[in-house]
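# Overview (structure and organization)
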Amino acid sequence: MTTVPIIELRNLRKQYVSVHAVRGIDLQIRKGETLTIMGPNGSGKTTILRIMAGLDTPTTGEIRFNGTKIGDNNRKQIRNQATMVFQKTTLFNTTIHKNIAYGLKIRGFRKKEIHQRVNSVLNAVKLEGYAKRQAKKLSGGEQQRVALARALALNTPLLLLDEPTANLDPETVSIIEETIRYINRQNKTTIIVATHNIFQAQTITERAALLLQGRMVETGTVEEIFRRPSLTLASFARLKNVFTGNSRLLSEGTSLVDIGNGIHIETATPKTGRVATYVRPEDIILSRRPIKSSARNVFKGQITEITDQEPIVRLKINVGKEFLVQITKRSFKEMNLNLGTTVYLAFKASSVHAI
Ligand code: ADP
Ligand code: MG
């Protein structure tokens, strides 16, 4: 059985005078799904969200909401069922309660229901007890959480969040991310998040789309996109340990990639010719002694850089090529590592992704 997507974009294009903000956009979003639209500044994220919220019209192409083509006569349908949280939100200069209650009041909700919803959404963003406080006296992070709560109170089936965590402290970021996951699970709300932080896709949504210069260059599950990232994503995401080289087949479906300086990496993908490989820093095992394991890739090298990002320490290790490895601060201390220390790296052929 195929269900009608809640939102569908067909060959959508938006042009501002001479600027093509987005073009050739085809996208389907199922009910209850979460999607991240990733892309650098100016790639067209806000443009797409505004069109999906019914706040803007495409220059050409189609937008369908629950299967119905949206035009000037029925754009209200989306506006009633979608809520957008803007990157720069402004709260009214009054209490938190009134800020959140406002939208509910104009939609004709009764006092009791309003009260319940305000309390429930304040709980969701971990601001219980804040109802009587003045909005303008809150910190930037708290204001952003109120803005999210205000949107959640409307409980529309579609929620569009434009860079909901840009320039916020890590604690606020994790509260907002948690709220997004919770609301999706609890209310089955379809949530679309625009972000220039590519790693956010991994923490909040199941599906992601990559937007570059107004074009959707990739869509897929987060798992698919990050397990086998394209070179475009690799460079945009600044993925670590990306090496290119020539690959030749070995036996049993593996191949060996010559990445230069005498270094060969075995990968569990049968590929020949020019490939890019990628190993996640957290998939590399580090040891001070030669490693005896089934891992197909073992290299010896020296530590050239140490970056302490408690509870994680990132190390650069030169084995002929430079690898980035990530370990816990605790392991770092236990292993008594320093600049210049000789170490061994090991990773499985199945941890090497060939692009
Ligand atoms: P993002 O949200 O990814 O940063 P936007 O959707 O805001 O990207 O913008 C995409 C492109 O469209 C940019 O080149 C931007 O300058 C342009 N643009 C956006 N809005 C307008 C507008 N109202 N008038 C003219 N150009 C615009
Ligand atoms: Mg934007």
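Now for a description of the structure that goes with this document. Note that this is a predicted model, so its numbers are computed, not measured.

## Looking at the pairing of strand β16 (residues 297-309)
- Here β16 runs beside strand β19 (residues 342-347); their pairing, made up of 6 bridges, is antiparallel. Residue pairing in the sheet places Gly-301 in a bridge with Val-343 of β19.
- Bridge count between β16 and strand β17 (residues 312-318): 7 bridges; the pairing is antiparallel. Note that in β17 the partner of Thr-307 across the bridge is Arg-314.
- Counting the residues that bridge the hairpin from β16 to β17 gives 2 residues.

## As for the sheet that holds strand β10 (residues 215-221)
- Pairing is mixed in the open sheet, where 6 strands are placed in the order β6-β7-β8-β3-β9-β10. The open sheet terminates on both sides in strands that have one partner only, identified here as β6 (82-85) and β10. Across the sheet, the mean angle separating the axes of adjacent strands is 15° when strand polarity is ignored.
- Two elements, strand β3 (residues 34-38) and strand β9 (residues 207-212), share 4 bridges in a ladder whose sense is parallel. When the sheet's bridge partners are listed, Ile-37 is paired in β9 with Ala-209.
- Taken strand by strand, helix α1 (residues 45-52) contacts β3, β6, β7 (158-162), β8 (190-195), β9 and β10, and its axis lies near 155° from that of β7.
- Along the sheet, helix α6 (residues 170-187) makes contact with β3, β7 and β8, crossing β8 at roughly 160°.

## What about the site of ligand 1?
- The environment of ligand 1 is made up of Tyr-16, Val-19, Ala-21, Pro-40, Asn-41, Gly-42, Ser-43, Gly-44, Lys-45, Thr-46 and Thr-47.
- In this structure, an oxygen atom belonging to ligand 1 sits 2.7 Å away from a side-chain N or O atom of Thr-46.
- At a separation of 2.5 Å, an oxygen atom of ligand 1 approaches a polar side-chain atom of Thr-47.
- Protein coverage of the free-state accessible area of ligand 1, which is 560 Å², stands at 59%.

## Some points on the environment of Ile-327
- Within the secondary structure layout, Ile-327 lies in strand β18 (residues 322-328).
- For the pair Ile-327 and Ile-285, spaced 42 residues apart in the sequence, the C-alpha separation amounts to 8.5 Å.
- Filtering out sequence-adjacent residues up to four positions away, Ile-327 remains in contact with Leu-286, Pro-311, Ile-312, Val-313, Leu-315, Phe-332 and Leu-337.

## Comments concerning the sheet that holds strand β13 (residues 263-267)
- Pairing within the open sheet is antiparallel, and its 5 strands lie in the order β13-β12-β11-β14-β20. The sheet is open, and its two borders are formed by β13 and β20 (352-354), each paired with just one other strand. Strand after strand, the sheet turns through a mean of 40° between neighbouring axes, direction not considered.

## Structural notes on the layout of surface pockets
- Estimates place the volume of the second largest pocket at around 490 Å³.
- Looking at the second largest pocket, it is lined by 21 residues, and the ones nearest its centre are Thr-83, Met-84, Phe-86, Arg-150 and Leu-154.
- Taken together, the elements giving at least two residues each to the lining of the second largest pocket come down to β6, α3 (96-106) and α5 (140-154).
- Tallied by class, residues from the lining of the second largest pocket come to 12 nonpolar, 5 polar and 4 charged.

## Looking at the environment of Leu-27
- Tracing the backbone through its elements, the reader meets Leu-27 in strand β2 (residues 19-29).
- According to the relative accessible area criterion, Leu-27 is buried, its value standing at 4%.
- For the pair Leu-27 and Asn-11, spaced 16 residues apart in sequence, the C-alpha to C-alpha distance is 8.7 Å.
- Residues within four places of Leu-27 in sequence aside, it is in contact with Ile-7, Glu-8, Leu-9, Leu-35, Arg-207, Met-216 and Thr-219.

## Details of unusual backbone geometry
- Of note, the amide linkage connecting Glu-310 to Pro-311 takes the cis form, showing an omega dihedral of 5°.
- If you trace the backbone, Pro-311 turns up in the loop between β16 and β17.
- Backbone geometry places Lys-126, a non-glycine residue, at a positive phi of 60°.
- Positionally, Lys-126 belongs in the loop between α4 (111-124) and α5.
- Residue Lys-126 is classed as partly exposed on the basis of its relative accessible area, which comes to 40%.
- With a phi angle near 50°, Asn-155 is a residue other than glycine that sits in the positive phi range.
- Structurally, Asn-155 can be placed in the loop between α5 and β7.

## A few points about the pattern of salt bridges
- Scanning all chains against the criterion turns up 17 salt bridges.
- Note that Arg-330 is salt-bridged to Glu-334, the shortest N-O span being 3.6 Å. Of the two residues, Arg-330 and Glu-334 both sit in helix α10 (residues 329-334), 4 residues apart, roughly one turn of that helix. Here Arg-330 and Glu-334 have matching classes, each one exposed.

Thresholds applied
Residues numbered from 1 in each chain as written. Chains lettered and ligands numbered in written order. Predicted model: local features only at pLDDT ≥ 70, side-chain atom pairs only at ≥ 80, totals over all residues. Heavy atoms only, no water. Pairing = 2+ DSSP bridges. Helix = DSSP H or I, 4+ residues; strand = E, 2+ residues; numbered from the N terminus. Axes fitted to C-alpha atoms, helices over the stretch in contact; angles between N-to-C directions. Contact = heavy atoms within 4.5 Å. Near = heavy atom within 4 Å. Polar contact = N/O pair within 3.5 Å; in protein donor to acceptor, adjacent residues only side chain to side chain. Areas by Shrake-Rupley, 256 points an atom, 1.4 Å probe, with all protein chains shown as cover. 1 Å grid on protein atoms, 1.4 Å probe; cavity = no way out; pocket = protein on both sides within 12 Å on 5 of 7 lines; lining within 4 Å. Points joined across faces, edges and corners; volume = space filled by probe spheres on them. Nonpolar A, V, L, I, M, F, W, Y, C, P; charged D, E, K, R; others polar. Buried < 20%, exposed > 50% of the residue type's maximum accessible area, 1.4 Å probe, protein only. Salt bridge = Lys/Arg side-chain N within 4 Å of Asp/Glu carboxyl O.

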